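# Inside the fold
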Amino acid sequence: MPQYGWVLDYKRCIECRACEAACKQWNGLETGIRFRQVRVYETGQFPKVQSHALSLACNHCDNPLCLKVCPTKSIFRHAATGAILINQETCVGCELCSEFCPYGALQINTKTRKMSKCTMCVDRLEQNLQPACVTLCPTGALQFGRWEQVQNRGTDRAPNFPNPATTRPSIRFIDPGWPKADGNEEVKS
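Since the structure is predicted, the reported quantities are computational estimates derived from the model, not experimental observations.

Each value, and the rule that gives it
Residues numbered from 1 in each chain as written. Predicted model: local features only at pLDDT ≥ 70, side-chain atom pairs only at ≥ 80, totals over all residues. Heavy atoms only, no water. Helix = DSSP H or I, 4+ residues; strand = E, 2+ residues; numbered from the N terminus. Buried < 20%, exposed > 50% of the residue type's maximum accessible area, 1.4 Å probe, protein only. Contact = heavy atoms within 4.5 Å. Areas by Shrake-Rupley, 256 points an atom, 1.4 Å probe, with all protein chains shown as cover. Lys, Arg positive; Asp, Glu negative; His and termini not counted. Charge placed at Lys NZ, Arg CZ, Asp CG, Glu CD. Pairing = 2+ DSSP bridges. Axes fitted to C-alpha atoms, helices over the stretch in contact; angles between N-to-C directions. Core = buried A, V, L, I, M, F, W, Y, C linked by side-chain atoms within 4.5 Å. Phe/Tyr/Trp six-rings, centres within 6.5 Å; stacked < 30°, edge-to-face > 60°. Salt bridge = Lys/Arg side-chain N within 4 Å of Asp/Glu carboxyl O. Polar contact = N/O pair within 3.5 Å; in protein donor to acceptor, adjacent residues only side chain to side chain.

### As for the overall build of the protein
Within the protein, the secondary structure is distributed over 6 helices and 9 strands. Across the 189 residues of the protein, 48% fall into the buried class. Partitioning the contacts of the protein with sequence separation of at least 6, the portion at a separation of at least 24 is 56%. Of the roughly 9800 Å² that the protein leaves accessible, carbon and sulfur atoms contribute 49%. With 23 positive and 17 negative side-chain charges, the protein shows a separation of 1 Å between the mean positions of the two kinds.

### Brief notes about the sheet that holds strand β9 (residues 171-173)
An order of β8-β1-β9 is seen for the 3 strands of this open sheet, with the pairing classed as mixed. Only two strands of the sheet have a single partner each, and these edge strands are β8 (142-146) and β9. Each strand of the sheet is rotated relative to its neighbour by a mean of 25°, with strand direction disregarded. The sheet contact formed by strand β1 (residues 4-8) and β8 spans 5 bridges and is antiparallel. In the strand pairing of β8, Val7 is matched with Gln143.

### Describing the nonpolar core
Trp6, Ile75, Leu106, Leu142 and Phe173 are the most contacted members of the largest nonpolar core, which totals 45 residues. In this structure Leu106 touches Cys66, Ile75, Ile86, Cys97, Ser98, Cys101, Met115, Ser116 and Lys117, once residues within four positions along its chain are discounted.

### Thoughts on unusual backbone geometry
The amide bond that connects Phe46 to the next residue, Pro47, takes the cis arrangement and shows omega of 10°. Examined against the element boundaries, Pro47 turns out to sit in the loop between β2 (37-45) and β3 (48-56). A positive phi angle, close to 65°, is found at Arg17, a residue other than glycine. Residue position: Arg17 is located in the loop between β1 and α1 (18-27). On the basis of relative accessibility, which here comes to 31%, the residue Arg17 falls in the partly exposed class.

### Observations regarding the packing of aromatic side chains
Evaluated as defined, the whole model comprises 4 aromatic pairs. Both rings, one in Trp6 and one in Phe144, keep their centres 5.1 Å apart while their planes meet at 65°; by these two values the pair is edge-to-face. Of this pair, Trp6 sits in strand β1 while Phe144 sits in strand β8, and the two are 138 residues apart along the sequence. Across this residue pair, the class does not change: Trp6 and Phe144 are buried.

### Brief notes about the pattern of salt bridges
Any two side chains of opposite charge can pair, so long as their charged atoms come close to each other. Counted by the stated rule, this structure contains 6 salt bridges. Among the ionic pairs, Arg34 bridges to Glu20, the shortest N-O distance being 3.3 Å. Of this pair, Arg34 sits in the loop between α1 and β2 while Glu20 sits in helix α1; the two residues are 14 residues apart in sequence, bridging distant segments of the chain. Between Arg168 and Asp62 there is a salt bridge whose closest N-O contact spans 3.0 Å. In this pair, Arg168 sits in the loop between α6 (147-150) and β9 while Asp62 sits in the loop between β3 and α2 (65-69), placing the two residues 106 residues apart along the sequence. For Asp62, a relative accessible area of 46% corresponds to the partly exposed category. Here the residues in one salt-bridge network are Arg17, Glu20 and Arg34, joined through shared partners.

### Structural notes on α1
Taken as a whole, α1 has its buried residues at Ala18, Cys19, Glu20, Ala22 and Cys23. On the buried face of α1, the contacting elements are β2, β3, α5 (132-135) and β8.

### What to know about the side chain of Arg157
In this structure, Arg157 sits in the loop between α6 and β9. In this structure Arg157 comes out as buried when scored by relative accessible area, which is 18%. A distance of 3.4 Å separates polar atoms of two side chains, one belonging to Arg157 and the other to Asn163.

Written out as structure tokens, the structure reads:
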């Protein structure tokens, strides 16, 4: 089964949120629902404070906890792309998947009372197109490709990103020289 993933070069991210807007527009998302979110973090201590932005969404993990805990088996792996998707017909909106996702990717749609999240734009992938979020990134900070081409780029850890050891997310970070994690929940500067 093919697997895809993202690469984020945080030094190139200018916090423009074009990735958020592209995702929201392509997926026709309701107000309050954001599959992709640019989160800005500050690290260090005064006077050596730095900020960095992480463009994050569902990481379509190799070991997705959300899929394992879904009581109705509504969360599944898309055979053609490896994306983790939610069957809206059988989802009961219990939010258990959200509690187990360390990345905060799953959200309740208050209109439908069903869970929702990034779909990796499988509809676009089936047309040999990139996900919407990647197509509008003006600096190339957010990149996407087959996992075998992406998985050895950069590192699997970034400051303020949960320890990836359990879920094995499909995202890599271009290492800007931040300290390496030693199994800690997040990298500290």
